[in-house]
Each structure stands twice: as C-alpha cells, then as structure tokens.
Amino acid sequence: MSGMAAPEDTTDDGFLDGRLKILQPAKGYRAGLDAVLLAAAVPARVGERVLEAGAGVGVASLCLASRVSGLEVAGIEVQPGLARLAGENITRNALGDRVSIIEGDIGQPVRDLVAMGFEPNAWHHVFANPPFHDPASNPASPNESKAQAHLTLGSDLDDWVRFACVMARPKGTVTFIHRADALAGLLGAMTGHLGGIEVFPLWPATGKPASRVILRGQRDSKAPLVLRPGLVLHGRDGRFTERAEALLRRGEALLLDQPG
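What counts as what
- Residues numbered from 1 in each chain as written.
- Predicted model: local features only at pLDDT ≥ 70, side-chain atom pairs only at ≥ 80, totals over all residues.
- Heavy atoms only, no water.
- Helix = DSSP H or I, 4+ residues; strand = E, 2+ residues; numbered from the N terminus.
- Contact = heavy atoms within 4.5 Å.
- Areas by Shrake-Rupley, 256 points an atom, 1.4 Å probe, with all protein chains shown as cover.
- Buried < 20%, exposed > 50% of the residue type's maximum accessible area, 1.4 Å probe, protein only.
- Salt bridge = Lys/Arg side-chain N within 4 Å of Asp/Glu carboxyl O.
- Core = buried A, V, L, I, M, F, W, Y, C linked by side-chain atoms within 4.5 Å.
- Pairing = 2+ DSSP bridges.
- 1 Å grid on protein atoms, 1.4 Å probe; cavity = no way out; pocket = protein on both sides within 12 Å on 5 of 7 lines; lining within 4 Å.
- Points joined across faces, edges and corners; volume = space filled by probe spheres on them.
- Nonpolar A, V, L, I, M, F, W, Y, C, P; charged D, E, K, R; others polar.

Colleague: I'm lost on the overall build of the protein chain in this one. Help?
Modeller: The secondary structure content of the protein chain amounts to eight helices and eleven strands. Within the protein chain, contacts between residues at least 6 apart in sequence are counted, and of these 68% link residues at least 24 apart. With an accessible surface of roughly 11900 Å², the protein chain has 52% of that area assigned to carbon and sulfur atoms.

What follows is the structure, encoded as structure tokens:
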C-alpha cells in the first residue's frame, strides 16, 4: 500500500476500519456508507466478473474486491477527475491485478462500450449507486462534481437499469442502492427486465423511516418480489449496531435474507 501523501485538493480517508486508503476530493461528491453497504450486498464469488456503473473514486469496487478474493472487478466513471483518483486508489491499495476503473459514460453506444472492454451479457453481477436527485425539483450543487454525482443530468434511473441489464449475463444479478423515496421509480425501471427482486430497507434507527433501500434482482428470473426485513444502522446510543459494524468495519457480506 502506497505511503505517498494526498494531494492538497484531496483527503486521504480510511474505509473498512482503515484497511483501504482512499483519496477523495476535499470538496464535492464524497463516498461514504452507501458505497460500503452496496459492495457488501453484491453476492459475488471467487472467479466471477463484476461491473460497477458510476464507480466514482472506486470505494465500492475496492471494498468488494477486498472482501472476495479472486474476483475481477471493473468500473466505469464519467467524471475524468474521479476516474483518475480511482486509478490511484487501485494502485495504492495494491489491487491493480483485479480492479480496473476507466473513464466512460453508461449512455455510450454499446459498440463503444465493447471497445472499452465492457461486453454485454458478460458480467455475473452489475451494481450501482445512481445519481440521487432530479434536477427538475432540486437545485444543483455549486460544486460541479457533486452536482454531477447527485443529479441525473440527463441520465435517469431507466438508463442506469438498462445499462445494468444489458451488461449482466443471464441469471446474473443487478444491485442498486438509492434513496428510499426513489423506490417506486427503481421498481418501475426494473419491471420487465429483472425478476426475484429483493427490497432491503436501511433504517437509520429503530422507529425511524428508511433513508435508503438496496434493491437486487436477477436477469431471466420469474420469482416474485420479496420485501426483506432490512437493517437498522444505529442503536439507541447513536453507535452503529453490531451487524452494521460487521459490514462497515469488518467488510462482511450483507445477506439480504437475514434480519438486521
């Protein structure tokens, strides 16, 4: 792992209890709990190929590769600055033999994506943390990077789901994390493309409304939708629950069929 200092316009942050050292922009979009929980929810196994859409600085991809050895992880990121930092993070965490993230747009024609190494119907798992806000109803952040990460900017949930389903192989899984109030939009986008959809709420604390949801579906599945018990992130004392600690600090897998 590299010991070089972070550039002045970035911070050097620890993930998985410091096992991963991640450079992030000091201002603008910054990865956090969502990226770690998303990675934990991908049911990847040794020897499989996994693709992240909108990889940012690589936090989710690196967390997943750290958890599952022998996994090939690729990512696509539209912002050049974030893609560059992702490359640095891959190198400084010594995962360059299994993780690659390149600059690109999920909306590019399939032939262009193939030329970049993103073959359709070829990935065991595809996962994403799509942009969070609709620019029609939310003002853009003054920081361009944060705005592009959080607003759809011409790329709606249908585009993200379409990309994931085109890339996933038959019986492959697609996993998303998003705002809880985007659940209807995500389910609408997934209908007809994925089956066996699991909805997994993330509760900030007992008795609080869910702030995020994890959705996972499978290509070519005819299984019905299942609403899972979800995960409570914080106890009454404000600290992470034991299960949340296992995911966020110890890098364990998030099994959606286990109550939290």
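From this point, the discussion proceeds with the structure in view.
Colleague: Would you mind showing me how to read helix α1 (residues 33–41) here?
Modeller: Every α-helix winds through 3.6 residues per turn, so residues three or four apart in the chain are directed the same way. In terms of burial, α1 is a largely internal element, eight of the nine residues being buried. Every buried residue belonging to α1 is among D34, A35, V36, L37, L38, A39, A40 and A41, and all of these are buried.

Colleague: Would you mind showing me how to read the pattern of salt bridges here?
Modeller: Oppositely charged side chains are able to pair whenever their charged atoms sit close together. Under the definition given, this model contains twelve salt bridges. Between R179 and D181 there is a salt bridge; the shortest N-O distance is 2.4 Å. Residues joined in a network through salt bridges with shared partners are R49, E72 and E119.

Colleague: For this particular structure, what's the right way to read the nonpolar core?
Modeller: If you look at the biggest cluster of nonpolar residues, it comprises 47 residues, and the most contacted ones within it are L37, V59, L64 and L254. Within the residue set of this core, elements represented by two or more residues are β2 (20–25), α1, α2 (59–67), α3 (80–92), β5 (99–103), β8 (194–205), β11 (231–234) and α8 (242–248). Ranked by residue count, the leading element in this core is α1, at seven residues. Those residues in contact with L64 that lie beyond four places of it in its chain are A39, V42, A44, V50, L71 and F127.

Colleague: I'm lost on the pairing of strand β1 (residues 10–15) in this one. Help?
Modeller: Regular strands place side chains that alternate from one sheet face to the opposite one. In this structure, β1 lies alongside β2, joined through six bridges in antiparallel fashion. Counted as the bridge partner of T10 is P25 from β2. Counted between consecutive antiparallel strands, the loop separating β1 from β2 contains four residues, among which L16 sits at a positive phi close to 55°.

Colleague: Got a minute to help me understand empty space enclosed by the protein in this structure?
Modeller: Where empty space is left becomes clear once a probe the size of a water molecule has been rolled over the atoms. Per the stated rule, a full pass over the model turns up one cavity of 30 Å³ or more. Taken together, L16, V36, A39, A40, C63, R67, L247, G251 and E252 form the lining of the largest cavity. Secondary-structure elements contributing two or more residues to the lining of the largest cavity are α1 and α2. It is α1 that provides the largest number of residues to the lining of the largest cavity, a total of three residues. By residue class, the composition of the lining of the largest cavity is six nonpolar, one polar and two charged.

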